[in-house]
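Remarks on the overall topology
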Amino acid sequence: MTSTTESTSITAGRPVYDSSGAALTHRVTVYLGGPDDGAELAMEYAATWPEAAAFAAAAVRAGLIVTVDGRIRPGLRRLPRNGLRH
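Since the structure is predicted, the reported quantities are computational estimates derived from the model, not experimental observations.

Let's talk about the pairing of strand E3 (residues 26–32)
For E3, a buried count of 6 out of 7 residues is recorded, marking the element as mostly surrounded by other parts of the structure. Examined bridge by bridge, E3 and strand E4 (residues 41–47) share 7 bridges and lie antiparallel to one another. Its bridge partner being in E4, histidine 26 is matched across the sheet by alanine 47. Of the pairings in the sheet, the one linking E3 to strand E5 (residues 65–69) comprises 5 bridges and is antiparallel in character. Of the residues in E5, the one forming a bridge with tyrosine 31 is isoleucine 65.

What follows is the structure, given as structure tokens:
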């Protein structure tokens, strides 16, 4: 488990929150081609824990390879609320 300071630090050491006040504490990475197979595309997003968990479960059921961790960094886009579109 990562520390609160480490996992929520997105900009200048200050936590970033979504519109409902929940901290964006997790990075969701979606791999197309597989993380061990030299993925052709990896998309990274910032999310709250409940969003990350729900998205990962749905993505795995759909056959995608997804990782969730606390490696938040500046510039991560917000996880789309309605899932990934193609």
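Okay, back to it.
A short note on the sheet that holds E5
Strands in a sheet are paired, the pairing made by backbone hydrogen bonds, and the direction either parallel or antiparallel. Here we have 4 strands laid out as an open sheet, ordered E5-E3-E4-E6, and mixed in their pairing. At either margin of the open sheet sits one strand with a lone partner, and together these are E5 and strand E6 (77–78). As paired strands, E4 and E6 are joined by 2 bridges and run parallel to one another. Considered in E6, the bridge of alanine 46 is made with arginine 78.

Quick word on the pattern of salt bridges
The tally for this structure, following the rule as stated, stands at 4 salt bridges. One salt bridge connects arginine 78 with glutamate 51, and the closest N-O pair in it is separated by 2.6 Å. In this pair, arginine 78 sits in strand E6 while glutamate 51 sits in helix H2 (residues 49–61), placing the two residues 27 residues apart along the sequence. Taken together, the shared-partner salt bridges connect Arg27, Glu44, Asp69 and Arg73 into one network.

Analysis parameters
- Residues numbered from 1 in each chain as written.
- Predicted model: local features only at pLDDT ≥ 70, side-chain atom pairs only at ≥ 80, totals over all residues.
- Heavy atoms only, no water.
- Buried < 20%, exposed > 50% of the residue type's maximum accessible area, 1.4 Å probe, protein only.
- Helix = DSSP H or I, 4+ residues; strand = E, 2+ residues; numbered from the N terminus.
- Pairing = 2+ DSSP bridges.
- Salt bridge = Lys/Arg side-chain N within 4 Å of Asp/Glu carboxyl O.

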